[in-house]
Amino acid sequence: MATNRTFTMVKPDAVEANNIGNILAKINEAGFRIVAMKYTRLSAEQAGKFYEVHSERPFYGELVEYMSSGPIVAAILEKDNAVADFRTLIGATDPAEAAEGTIRALYAESKAKNAVHGSDSDENAEIEGNFFFSQVERP
Ligand code: UDP
Ligand code: MG
């Protein structure tokens, strides 16, 4: 369905480091339009649900704790080829492996505290956007 949309979060480490503005500037410069956006905080239960697909992974407990440790910015973004182009813009999960100039290379603290989320498929972009935004909030 929404092949031109992806979902992102500015994660707690980047909010804490006052990098919301820098990250949104990179996103806009790369040609993404913001369709929906909110500043909010996840409970541990909500973070656990959002990352349920990782519940068997060894880092799940830490991930849930981290993602509920402070506020985040959630947004739906629009651009041709949004999912793939956004993954390119943010770089590899581990900032040590992220290409120069990518958001994670610039702003991530570590592989766990890696500044931003980006959906990995059109299907997940839709699911993740729906997790945060009601129908009237995502035109
Ligand atoms: N993560 C972690 N340790 C790992 C792999 C992932 O703490 O070894 C965290 C990290 O915050 C990552 C999130 O779990 O962004 C989801 O992992 P995924 O493999 O989906 O990476 P992403 O799609 O975010 O690049
Ligand atoms: Mg992922």
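Residues numbered from 1 in each chain as written. Chains lettered and ligands numbered in written order. Predicted model: local features only at pLDDT ≥ 70, side-chain atom pairs only at ≥ 80, totals over all residues. Heavy atoms only, no water.

Draft legend 1. Molecular detail of the site of ligand 1. Every residue close to ligand 1 is listed here: Lys-11, His-54, Arg-57, Phe-59, Leu-63, Arg-87, Thr-93, Arg-104, Lys-111, Ala-112 and Asn-114. Measuring from an oxygen atom of ligand 1, one finds a side-chain N or O atom of Lys-11 at 2.9 Å. The separation between an oxygen atom of ligand 1 and a polar side-chain atom of Thr-93 is 2.5 Å. A total of 500 Å² of accessible area belongs to ligand 1 in isolation, and the protein chains cover 83% of it. (Near = heavy atom within 4 Å. Polar contact = N/O pair within 3.5 Å; in protein donor to acceptor, adjacent residues only side chain to side chain. Areas by Shrake-Rupley, 256 points an atom, 1.4 Å probe, with all protein chains shown as cover.)

Draft legend 2. Molecular detail of helix α5 (residues 82–90). Looking only at α5, the buried set comprises Ala-82, Val-83, Phe-86, Leu-89 and Ile-90. For α5, the angular spread of the buried residues around the axis is 125°, confining them to a single face. Against the buried residues of α5 lie β1 (5–10), α2 (20–29), β3 (72–78), α6 (103–107), β4 (116–118) and α7 (122–132). Immediately beyond the C-terminal end of α5, within one or two residues, lies Gly-91, with a positive phi of roughly 85°. (Buried < 20%, exposed > 50% of the residue type's maximum accessible area, 1.4 Å probe, protein only. Helix = DSSP H or I, 4+ residues; strand = E, 2+ residues; numbered from the N terminus. Arc of directions from axis to C-beta. Contact = heavy atoms within 4.5 Å.)

Draft legend 3. Structural detail: the environment of Arg-41. Topologically, Arg-41 is positioned in the loop between β2 (33–40) and α3 (44–50). Those residues in contact with Arg-41, other than ones at most four positions away along the chain, are Gln-46, Ser-68, Ser-69, Gly-70 and Pro-71. Here the side chain of Arg-41 touches Ser-68 through a polar contact of 3.1 Å, landing on its backbone oxygen. Within the structure, the side chain of Arg-41 is placed 3.2 Å from the backbone oxygen of Ser-69, a separation counted as a polar contact.

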